[in-house]
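Understanding the architecture of this molecule
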Amino acid sequence: MPLVTFYLQLHQPFRLHPERDTFLWEEMNRDMFLRVATKCYLPAIRLFEEIVAAEEQFKVTLGMSGTFLEQADRYNPDVIKALQRLFDAGGQGVRVEFLDETYYHSLAGLFADPKKQEFRDQVSLHRDAMRQFFGIRPTAFCNTALIYDNHIAQAVAEMGYRVILCEERGAMLEEDGMTYLEPRTVFRAKGSDLVVLPRHRALSNEVAFRFSRRKLSPEQYAQSIADTDGFAVLLGYDFEHIGEHIWEDTGIFSFWRNLPRALAAHENVVLSTPSEIAERFGEAECPEIDIPGSVALSRTDAAQDTFGWLGSITQYELFKNIEDLEGRARRAGGELLTQWRRLTTSDHVCFLREKTCNDAVHLCSNPYGGSVTQAAHVVTRKIDDFEAALGRFEILKKSERTAVLIIAPESGRLPDDMGPLARYISGKSGGLGEVVSALCEGLNERNIAVHLATLNLKKRFQLESKIDEDEWREIRYSIDPGRIHLVTSAVFADLPGAYAGDTVLNAAEFQKEVMQNIIKEVSAKSKGRLVVHTHDWMAGGAVAAYVKARGIPLLHTLHNSFTGHVPLDMFFGIDMGELSEYLYFSENQQQRAVDCQATAIKNATLINFVGQRFLEEVVHDYFTDHHFIPFSVRQEVKQKYAVGSALAIINAPSRTMYPEYCAHLVRKFGPDDDIMAAKRENLVEFQKRLGLTVNPEAVLFYWPSRLDPVQKGVELLEEALLKFALEHPNVQCAIVANGVGNDRFHEEVLGRIAWVSGGRIAYHPYREDLSMLGFAAASDVFGASLYEPCGQIDQVGNLCGATATNRDTGGYHDKIRELRLRIDGAPQDVGNGFLFRDYDPGGLLYGLEKSLRFHQTPLDVRVPQLKRIMKETRQKYDLGNMIAQYIGVYEKLNGGRPLV
């Protein structure tokens, strides 16, 4: 009775660009993935989902390289969603098992390093990806192309895996000159309890390699499987054989669809996953498999069983060249390490193979016109260019570099090259968090030594990363945080955000740790060459006074005008007397306190507003009849403005918010695509998720701002919304937002309005995936702000092919230009939205009516304007422009010297 495992491997490499100045071949990678997704991934994954749902005995195992998952997330997230549905259909591991492997589908397991450190690190990266995308930690492992030896097995066993898949080889187990490997035997790895499952090459290749030449019926194949003796049969295939390597018209989809029923006719065939086999044979006596290292001394040794990758002198030499750069790449870290790891992907040397590899699991298509010579030329040049880049980095590293320490209470998604911890602490945090993450991303790309100090919102990070307390503790104690400095305190560990709970206490805890340790640590690492950039009042206060007292140049960015008053007693352990001349004192419940925003402005070398108009409104005494601009803040800003120390840099959206990259859309799109078709698909999905009436032709007005009665004008929304929607049959309105703090009043009001609208209006609490899908679905993104330091909803809406409607104030005055068209008599087509002035429901309705009139014009009028708006927004608010402005400010603070 054989236990039968069907294993399929999904992989796509990042191909190298044939031209010298570009590392990755982005166009080729995107086009290739989208093509294979259409022909293979989506229909085949859906097929297996249907099979698993219909056939209770059917089981399937999938291996997915990290580069495949990365490209799926980047180019077609529907593939990820399809895999998630398949996993769920299989009982989350019961009948569908996902494996771990090396992230870069590399030959790192063959490196000479006896500790296999790079191999282990790439496996850890893959493990993180599986946790991120599927919330799982696999216990079964498959190395690249199932390459196996004792050293690989030892590393895999030590990392906690229970079973490893391997390729059938010619000399896997010999005693007295006799080979008794059978491809249906369950082995034990030498010196460990790791279960080893060899792939039945001949039986696998009947389908994966020979099917298109010699048709095979499901019944014939099932009979061949049933006739196989032994304990276990591992049948392995490249996933792409279904629809890509073997086209649909050959009957390959029909073959797999009917195979489960053909197998059901054979009672001796029992389908199983690798982990089930490992469980069954965990305590059983199994023969031990002894495979010495594959790449010990020479190419000849390597070529015996890895000829597809290392069978020629050219392949072997290039492989060794890449391996020899490991130490320097790991010391460089950051983007250089990522770039080197992309070079380790096995496909690059596989493209150089000089003889055909008759094994479908090992197929890799040469993208350079099939030319081995051209492939060798490209890989050789990329290695040379990378080595030169390493040299430049090492020279730069030895020279003087000024570090930039960004201090912010929250951050958005951080770039991986900030350190391994980056993937665990990212999260949606509004405009402040997004600009911080964009800064980190942009500065990293320019090789600037940027550090980030932020709150350790432990509970939120665990929830977002889908890890428990033990896993989080392991991460914190075993992962080098790199350039991320988390401030830990029980005060805010369980809070959903920095501005939840007791914000004054949060600020005190945060500022104390930054002063006591983080500034000293970063300054010491950079040998005293440091620029500090604080964000918002919570990161300012005593920190700004401390920085000023130490003579460190400081930029302070105001994302809003609010301040916090921290009693001096809360700074226990800090010599506040030493800082007293730098503090702006206030009171908090009759206690002497530090006015954090005013203190930060007072001590900053330069202050920065995130919009020019709001800076002018503060300086010129706008809103004096309101209390959201404290007197202390207004006076300190005026003083900085008077001496030319106040500036404005408008926030730029992170690239993750562009609809061509956003992972949350059902269809990604850019300004050169069929944007209306894409927006309709996203609209229908958004309507389904929010309970709106499904109507792909509806004009959707979308409110993504928090329900803030002080700033965002939510009361105007509540008064105008139902009237506007009911008066216009083709209009729908959606709100995806939370109340402020613990205030749920406006959430309840909007919920009741949505209820009585009959599917015309929908309200949903904030969720990142819904919020981003709403932008892509919207015709217009609107608000009703009383005041606005910058705002970002208009930018994101414009990026997604929506107009923007808001009040003519602050950041919206800076960014929204009235839409005027030549067909209406304007000299030229200009503008991106609609403004209104009166802060009342009538003003909001006036703006919405103007927008609606545009969205009721014919498609041949609307589409060119929306595409123009998308392109102009990308040019005007390009992240690089914002980063360049900040770098200019940093260099000014650095005495006019470059940071690198």
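Remember, predicted model here, so these are calculated numbers, not experimental data.

**Digging into the pattern of salt bridges**
- Scanning the model with the defined rule gives 48 salt bridges in all.
- Salt-bridge contacts for Glu410 lead to Arg460; the nearest nitrogen and oxygen are separated by 3.5 Å. With Glu410 in the loop between β13 (403-407) and α17 (422-425) and Arg460 in helix α19 (residues 458-465), the pair connects residues that are 50 residues apart, well separated along the chain. Judged on exposure class, the residue Glu410 and its partner Arg460 are both buried.
- The shortest N-O distance in the salt bridge between Arg822 and Asp829 comes to 3.8 Å.
- A relative accessible area of 54% places Arg822 in the exposed class.
- Taken together, the salt bridges that share partners define one network made up of Glu26, Glu70, Arg74 and Arg342.

**Section: helix α20 (residues 469-478)**
- Within α20, the full set of buried residues consists of Glu471, Trp472 and Ile475. End-on view of α20: buried residues confined to an arc of 100 degrees, all on one side of the axis. Residues of α20 that are exposed and point over 90 degrees away from its buried face: Asp470, Tyr477 and Ser478.
- Two or three places before Asp470, at the opening of α20, Asp468 has a side-chain oxygen 3.2 Å from that residue's backbone nitrogen.

**Re empty space enclosed by the protein**
- For the structure on display, the rule yields two cavities of 30 Å³ or more.
- Residue lining of the largest cavity: Leu107, Ala108, Phe111, Phe319, Ile322, Leu343, Thr344, Thr345, Ser346 and Val349, and that is the complete set.
- Within the lining of the largest cavity, the residues separate by chemical class into seven nonpolar, three polar and no charged.
- Considered as a void within the structure, the second largest cavity measures approximately 40 Å³ in volume.
- Lining the second largest cavity are Pro409, Glu410, Ser411, Ile425, Thr454, Leu455, Leu457, Arg460 and Phe461.
- Where the lining of the second largest cavity is concerned, the elements lending two or more residues are β14 (450-455) and α19.
- The residue inventory of the lining of the second largest cavity, partitioned by class, reads five nonpolar, two polar and two charged.

Quick notes on the rules
- Residues numbered from 1 in each chain as written.
- Predicted model: local features only at pLDDT ≥ 70, side-chain atom pairs only at ≥ 80, totals over all residues.
- Heavy atoms only, no water.
- Salt bridge = Lys/Arg side-chain N within 4 Å of Asp/Glu carboxyl O.
- Helix = DSSP H or I, 4+ residues; strand = E, 2+ residues; numbered from the N terminus.
- Buried < 20%, exposed > 50% of the residue type's maximum accessible area, 1.4 Å probe, protein only.
- Arc of directions from axis to C-beta.
- Polar contact = N/O pair within 3.5 Å; in protein donor to acceptor, adjacent residues only side chain to side chain.
- 1 Å grid on protein atoms, 1.4 Å probe; cavity = no way out; pocket = protein on both sides within 12 Å on 5 of 7 lines; lining within 4 Å.
- Points joined across faces, edges and corners; volume = space filled by probe spheres on them.
- Nonpolar A, V, L, I, M, F, W, Y, C, P; charged D, E, K, R; others polar.

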